[in-house]
Amino acid sequence: MVVELYLDLLSQPCRAVYIFAKKNNIPFEFKDVVLFKGQHMSEEFGKVNPLRKVPALKDEAFTLAENTAILLYLSRKFNTPDHWYPSDGQKRAKVDEYLSWQHTAIRAQGSKVFLIKALVPLLMDKPFPPEKLEGAIEELNSTLKQFEEKFLQGKLFIVGNEISLADLVALVELMQPVGAGYDVFEGSPKLAEWRHRVEEAIGKELFQQAHEAILNVKDMAAAAAQLDPQLKEKLKQLLQKNLK
Amino acid sequence: MGLELYLDLLSQPCRAVYIFAKKNNIPFTFKPVEVLKGEEGERFGKVNILRRVPALKDGAFTLAESMAILIYLSQKYKTPDHWYPSDIQRRARVDEYLSWQHVAIRANGVKLFWLKLAPEEKLQEAFEDLAVSLKQLEEKFLQDKPFIAGNRISLADLVAITELMQPVAIGYNIFENRPKLSEWRSRVEKFVGKELLQEARKVILSINDLSNMPLFKLFKTFGV
C-alpha cells in the first residue's frame, strides 16, 4: 500500500509536502481534503488526523500530522538526496532552526495578510478597518527583514549552496500573501532572486502546478460563495478570533 | 572554549535546553541572560541576531531555536536513543509534537502567563484555548501511552513539561482534574529528577509579582 497524503493545495504546508513528494518521485496517493467543503471535519479524516488539519499522512497503520514531521519522515523513509536535510550536524541544525522559527514568524504573518486581504472580504459581512491590513503587512515586512538578515544573509539558499527543506517551506509560505495580491518580492531584489533560484531548483512546472489554486482568487471566491452556512459561520468565528 | 549556552531560566525553551544538557552531562558554559533586565545588548546580539533566548555557541557555530538546539545536542553528544529515537516512526512522533506545540501549548501557555495582568475576559479566553490544547495533548499526543513517543521519555515530553510550568507558576494548576496528564507529569518529573527540576524552575517559581515589570518588554521578549 502506498503512502497516502491528505492535502488541500490552498494550504501552504500542503504545498511543501506535495512538491517534496513529487520532486523526489515518492509514490503516494493524493487524498483530496477540500477545506472549503468542510471535508477536514469528516469522520474518515478524523481517524487520520484528530487535530483535523492538513497536511496529514497515512502509511499503513501509521498516521502523522504536522508538515515538518511529514517532510522529515518522507526524507528518511525514501532516502531523499542529502541537501534536503543534510546529514552534517551543523547544516542540519540550520534547517531545524529555520523550520522552528518560521511557525510564529513567516508562517504566522504571511497567513495573516492572506486571511485579512483575501478571506475576510469573501466571508465577513463587513470588511475589517484598513489599519488591520496595514498592521499585518508591517509585521510581515519586519519578519521578511529578519529572514533576509538572519537566514539568507546573502547566501544562495538558507543553508549554503543547495536548496533544502527550509527554502521549500519558506517559499510556499510566502506565496500565500502573493495569492492574496500582496507581492512580497516586489521591492526586494535579494528576495526575488532567492525565489527564482528556489523555483528553478524545484522545477517551474511543478511549482506552478502546486500553486495553481492559491493564485486563482476567482476560484476561491466561487468556492466561498458555495460554502455551507454552518461551515461559513464557523470560519467567520475563527477569522474574528484569530485576527483580533 | 567549548560549548556555550545563553539562557534565561525564566523562559520555557531555555529550561528545556538546560535540563537536557544537565541530565545528559553535556559540558557547557552557562551564559546567563536576563532578558527582562535588557541584557539583550551588543554582546548577546552578536550571537543571536534575533535576540531571543536560548542560543548556542559552539566555536564559530551559532544556533537559535530550542528545537534545533536540542536536536543538535542530542546528535553531537550521542545522548540515549529515547530522547530522539532513531526509529523513524517514533522520531516522527517527537517531530510532530515539537512542531504542533509552537502554536498550541506554547502559544496558549505563554498567553495565559502574561495575561494575568489583563482584563478578565481575555484571561478566560486564553484559559479556554489552553484547555483545548491540553485536551489535544491528552487525546492525540499521549493517548494511552506513558510518554508522547511511546514507552520512553523523549524531547517532546521535556519540551511539553517545561511549557506547562509557565501557567502553573502563576497559580493555574492545569493538572488538577486531569488525571491522565498528572500521571504523565509525574512520570516525566521522576525521570528528570527532583533536584534538576527544582534548579531549572527556581527562577520561574519565584515570579510572584508580575505587575512591577515593564509590560512592553515582557510581551516583546517572549513573543506574545
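This structure is a prediction, so every number in the text was calculated from the model and none was measured.

Comments concerning helix H9 (residues 194-205) of chain B
Residue and element names in this part refer to chain B. For H9, spanning 12 residues, the distance from its first C-alpha to its last is only 14 Å, which falls clearly below the expected 16 Å at 1.5 Å a residue. When H9 is considered as a whole, its buried residues turn out to be Leu 196, Leu 197, Ala 200, Arg 201 and Ile 204. One side of H9 carries all its buried residues, which in axial view fall inside an arc of 105°. Exposed positions of H9 whose direction lies more than 90 degrees from the buried face are Lys 194, Glu 195, Gln 198 and Lys 202.

Re the pairing of strand E2 (residues 29-32) of chain B
Two faces belong to every sheet, and in a regular strand the side chains alternate between them. Residues and elements named next belong to chain B. With 4 bridges joining them, strand E1 (residues 3-7) and E2 adopt parallel strand pairing. Across the sheet, residue Glu 4 finds its bridge partner in E2, namely Thr 29. A crossover connection joins E1 to the parallel E2 through helix H1 (residues 12-23); in handedness this β-α-β unit is right-handed.

Overview of the sheet that holds strand E3 (residues 56-59) of chain A
All names here are of chain A. Read from one edge to the other, the open sheet built from 4 strands follows the order E2-E1-E3-E4, with strand pairing classed as mixed. The open sheet is flanked by strand E2 (28-32) and strand E4 (62-65), the only strands paired with a single partner. Each adjacent strand pair in this sheet contributes to an overall mean axis angle of 20°, direction not counted. The pairing of E3 with E4 spans 4 bridges and is classified as antiparallel. Bridge assignment links Lys 58 to a residue of E4, and that residue is Thr 63.

Some details on the sheet that holds strand E3 (residues 55-58) of chain B
Residue and element names in this part refer to chain B. Across the sheet, which stays open at both edges, the 4 strands sit in the order E2-E1-E3-E4 with mixed pairing between neighbours. On the outer flanks of this sheet lie E2 and strand E4 (61-64), each paired with one strand and no other. In this sheet, adjacent strand axes meet at a mean angle of 20° when their direction is disregarded.

Concerning the interface of chain A and chain B
Contacts between chain A and chain B engage 31 residues on the former and 28 residues on the latter. Interface area, chain A with chain B, both sides summed: about 2700 Å², of which 60% is carbon and sulfur. Considering only the surface of chain A that becomes buried against chain B, Leu51(A), Arg76(A) and Gln90(A) emerge as the three largest contributors, covering 20% of it. At the junction of chain A with chain B, the criterion picks out 2 salt bridges. Taking the shortest distance from any N to any O, the salt bridge between Asp129(B) and Lys241(A) comes out at 2.6 Å. Linking chain A to chain B there are 15 residue pairs in polar contact (both at pLDDT 80 or more). Put simply, the parts of the chain that give the side of chain A that touches chain B at least two residues each are E4, helix H3 (67-77), helix H4 (89-101) and helix H6 (130-152) of chain A. Among the elements that line the side of chain A that touches chain B, the one with the most residues is H4(A), at 8 residues. Residue composition of the side of chain A that touches chain B, by class: 11 nonpolar, 9 polar and 11 charged.

Rules behind the numbers
Residues numbered from 1 in each chain as written. Chains lettered and ligands numbered in written order. Predicted model: local features only at pLDDT ≥ 70, side-chain atom pairs only at ≥ 80, totals over all residues. Heavy atoms only, no water. Helix = DSSP H or I, 4+ residues; strand = E, 2+ residues; numbered from the N terminus. Expected span 1.5 Å × (residues − 1). Buried < 20%, exposed > 50% of the residue type's maximum accessible area, 1.4 Å probe, protein only. Arc of directions from axis to C-beta. Pairing = 2+ DSSP bridges. Right-handed = clockwise from strand over helix to strand, strands pointing away. Axes fitted to C-alpha atoms, helices over the stretch in contact; angles between N-to-C directions. Contact = heavy atoms within 4.5 Å. Buried area = accessible area lost by both parts, 1.4 Å probe. Salt bridge = Lys/Arg side-chain N within 4 Å of Asp/Glu carboxyl O. Polar contact = N/O pair within 3.5 Å; in protein donor to acceptor, adjacent residues only side chain to side chain. Nonpolar A, V, L, I, M, F, W, Y, C, P; charged D, E, K, R; others polar.

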